[in-house]
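# Structural overview for review
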Amino acid sequence: MTQEERLIHLTSLIEQQGKVTLHDICEQFTVSRDSARRDLVKLTQQPGIQRIRGGAVRTSVSARLEPYSGKVISEAKQGLAQCAAQLIDVDDHLLLDTSTTLTLMARYIHRPATVITNSVDILQQLADNNHVAVHLLGGKFDAFHRAVLGHQAEKQLADYRVNKAFIGVCALSEHGLSTNNEQEASLKKAMMAQAQQVVLVCEQHKLGQNNFHHVCGLDGIDVLITDQPLTNAYAELFDSHDIQVIVASTTQGQL
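Conventions adopted
Residues numbered from 1 in each chain as written. Predicted model: local features only at pLDDT ≥ 70, side-chain atom pairs only at ≥ 80, totals over all residues. Heavy atoms only, no water. Pairing = 2+ DSSP bridges. Helix = DSSP H or I, 4+ residues; strand = E, 2+ residues; numbered from the N terminus. Axes fitted to C-alpha atoms, helices over the stretch in contact; angles between N-to-C directions. Contact = heavy atoms within 4.5 Å.

## A word on the sheet that holds strand S6 (residues 113-117)
What the seven strands build is an open sheet, ordered S7-S6-S5-S10-S13-S16-S17; its pairing is parallel. Of all the strands in the sheet, the pair left with one neighbour each is strand S7 (132-136) and strand S17 (244-247). Strand-to-strand, the axes of this sheet are offset by a mean angle of 20°, without reference to chain direction. Here four bridges tie strand S16 (residues 223-226) to S17, and the two strands are oriented parallel to one another. What sits directly across from Ile-225, in S17, is Ile-246.

## Quick notes on the sheet that holds strand S11 (residues 171-173)
With antiparallel pairing, the three strands of this open sheet are ordered in space as S11-S12-S15. Strands at the two margins of the open sheet, each flanked by one partner only, are S11 and strand S15 (213-216). If you compare each strand with its neighbour and ignore which way they point, the axes differ by 35° on average. Taken together, the three bridges between S11 and strand S12 (residues 176-179) define a ladder with antiparallel strand orientation. Paired with Ser-173 across the bridge in S12 is Gly-176. Packing against the sheet, helix H8 (residues 182-193) makes contact with S12 and S15, and its axis sits at approximately 10° to S15.

Right under this line is the structure:
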């Protein structure tokens, strides 16, 4: 196998596992340590891959902030939204985080429920839904995130106790949930603290990513809804933390 062929395989391996070691390269391709080191040098010349002691990792700590208005409504999000809505029971009390996917989810709530949210778009989506009572958290409106954030909203959350909190995902890895906005991270924590069950709704491309502000570890998550089957490594990781994983179908109305 040529070096180029090995690099293609190693790039795929890092995408799946987040890391590759010098030992892995030697063992998998039966090459010397010197050849493996040369592979690592070439590998880490690619964007998004970083050299570490004894190997290479995907550069997963991102400072990227994306405005709410710039987020694309994909077919995968439609499937996630419908899947998440099916977890709602009659007369549930729910917390809905600000998220384009959770705004879509609100469209599919057809059972009597009470919703607490910091999202003006979810409020608008549910305004004409006679089955749902809506409570909007008060505080400062953040136009970039189209969300109410800050101390006042967090203080108000302490007055509620809910069955389920549906939380949008910015980044999720073996270290847990994270985001690049400090106030957003703080509000997500406050929401999760008031819920009997925490449900994350996550497109698979956000798995293996880390943002600057930590929200919670994997032990703080009860259910993960995602749009693609997990790698074996992630399936085993989430199972070890007793996280129920649901894979949503992109086919409307099906799981």
